[in-house]
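# Observations on chain architecture
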Amino acid sequence: MSEPDILDPALAEAGCKRVEWALQEMPVLRELQQRFSRKRPLQGVRLSGCLHITTETANLARTLKAAGADMVLCASNPLSTQDDVAAALVERYEIPVFAIRGASTELYYQHINTALDHRPVITMDDGADLVSEIHKSRPDLIGDMLGGTEETTTGVIRLRAMAKEGALRFPVIAVNDAMTKHLFDNRYGTGQSTLDGVIRATNILLAGKTFTVVGYGWCGRGIAMRAKGHGASVVVTEVDPLRALEAAMDGFRVMPLLEAAALSDFIVTATGDKHVVDSIHLEVMKDGCVLANSGHFNVEINIPALEAMAVSRQRPRESVDEYRLADGRRLCLLAEGRLVNLAAAEGHPSAVMDMSFANQVLCAVYLATRSEALENRVHDVPEDIDREVARLKLAAMHMDIDELTAEQVRYLSSWQEGT
Ligand SMILES: NC(=O)c1ccc[n+]([C@@H]2O[C@H](COP(=O)([O-])OP(=O)(O)OC[C@H]3O[C@@H](n4cnc5c(N)ncnc54)[C@H](O)[C@@H]3O)[C@@H](O)[C@H]2O)c1
């Protein structure tokens, strides 16, 4: 196995402090760590994770290791790696990591392939890069695979496309689709951390500004809700009539992006789609408009088009590229169009990742301990796992709920009783 590839082992102490801080907000993961360090259901299971290397991921990796997994990690985005966390994982928690913030595309894929040299029997992806790389260039690994898990919407879309073509050669569980994942992580996590990223990058006041959210899915809903909380006038653009209607009834202005682009001070994409902000929109934007993306890939804003229109570019702040156009307007792209919440801030707050990653741990245990192999397709997270995560989170928040009485159970299952 190759030596870990990280920026600087001397950052380990600082990383370790932040990882421990995050753990305080991750009670469900702590509970699973305790439970599985006794039972060791993943004893000797080779697991490769391609995830954002953040403090929360470090706690996921520690939990999997405590459960017995023999695991390695690489990054799922070249700009999301927290180098101090990578150092802590290698130096303090003895988990090999291949990830450096700002890695070139070549190094990024080299790291993915090194993580695959581990010969995993379980993959844990955020964006389906491991699964895709195995199918494209490492098919020799397929025979031993128990399965994979997938963390995000875009990864699930890619995997379903593979399954539809009959190309998916091992089972994958869509962790993203668990209720205890997307209802909280995509909405409240992306909502808070995207605003955090935009604010840290620019330090521009949002109150009184026009803030456009492109896409009113789980992430878009959260971003719009939090931008409104900052006093911005929020516009939503959509291609789905149901989502557009929901946005309108949630109190947001809905209009085509071409109209919104001319009014906006901020435009944030969260669609999982390509070139949703394109040349025609760039043509009409106001001077100083801030552009950011919170969707998985850096293709939502047409950056090549922006570069072609620009006569110069400067970097006034760490995560801001200011493009000057021939007509004198300036357009400010944050974090090179990559996930702004991870590249310009620290990603989701630990308390939501607690639930997402509890699903990851329970799904890995499910894959490793099943007596029968799953079919080669995309599977939902079993309902009992989803409910278990919700139950553990509520208990950690010291909240009880009511139970149906026997009379109510009978009433809800009968059709004869009416007025
Ligand atoms: N930043 C993060 O940390 C983070 C966290 C979770 C998910 N994601 C990513 O964010 C993206 C969105 O995830 P989601 O869960 O909200 O997905 P979703 O499917 O719930 O929502 C996407 C929405 O975008 C809309 N859309 C598609 N093309 C559009 C266009 N051209 N114009 C306007 N709207 C358009 C769709 O109609 C849909 O309503 C995905 O790429 C996902 O992987 C990022």
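Just so it is clear, the model here is predicted, and its values are computed rather than measured.

### Section: helix α3 (residues 55-66)
- Helix length check: α3 (twelve residues) gives 17 Å between terminal C-alpha atoms against 16 Å at 1.5 Å per residue, within 8%.
- Taken across its twelve residues, α3 has eleven buried, putting it largely inside the fold.
- Among the residues of α3, T55, E56, T57, A58, N59, L60, A61, R62, T63, L64 and A66 are the ones counted as buried.
- Remark: G68 follows α3 within two positions and exhibits a positive phi of approximately 110°.

### Regarding the pairing of strand β1 (residues 46-51)
- With five of six residues buried, β1 is to be regarded as a mostly interior element.
- One ladder, built from six bridges, connects β1 with strand β2 (residues 70-75); its direction is parallel. Paired with R46 across the strands is D70, a residue of β2.
- Taking the sense of rotation as the criterion, the β-α-β connection linking β1, α3 and β2 turns out right-handed.

### Side note on unusual backbone geometry
- For H275, which is not glycine, the phi dihedral falls at a positive 50°.
- Residue placement: H275 occurs in the loop between β10 (266-269) and α12 (279-284).
- A positive phi angle, close to 55°, is found at E336, a residue other than glycine.
- Relative to the elements of secondary structure, E336 occurs in the loop between β14 (330-334) and α14 (340-343).

### Quick look at the packing of aromatic side chains
- Counted by the stated rule, this structure contains four aromatic pairs.
- Where Y108 meets Y109, the ring centres are 5.2 Å apart and the plane angle is 85°; that geometry is what we call edge-to-face.
- The exposure class assigned to Y108 is buried, which follows from its relative accessible area of 7%.
- Accessibility expressed as a relative area gives 35% for Y109, which makes it partly exposed.
- Taken together, a centroid distance of 6.3 Å and an interplanar angle of 35° make the contact between F184 and Y188 tilted. Taken together, the positions of F184 and Y188, both in helix α8 (residues 179-202) and four residues apart, correspond to about one turn of that helix.
- Looking at F184, the relative accessible area reads 30%, which means it is partly exposed.
- Between R221 and the ring centre of W218, over which it is positioned, the NZ or CZ distance is 4.2 Å.
- Note that K228 overlies the ring of F252, its terminal NZ or CZ placed 5.3 Å from the centroid.

Rules used in this analysis
Residues numbered from 1 in each chain as written. Predicted model: local features only at pLDDT ≥ 70, side-chain atom pairs only at ≥ 80, totals over all residues. Heavy atoms only, no water. Helix = DSSP H or I, 4+ residues; strand = E, 2+ residues; numbered from the N terminus. Expected span 1.5 Å × (residues − 1). Buried < 20%, exposed > 50% of the residue type's maximum accessible area, 1.4 Å probe, protein only. Pairing = 2+ DSSP bridges. Right-handed = clockwise from strand over helix to strand, strands pointing away. Phe/Tyr/Trp six-rings, centres within 6.5 Å; stacked < 30°, edge-to-face > 60°. Lys NZ or Arg CZ within 6 Å of the ring centre and 35° of its normal.

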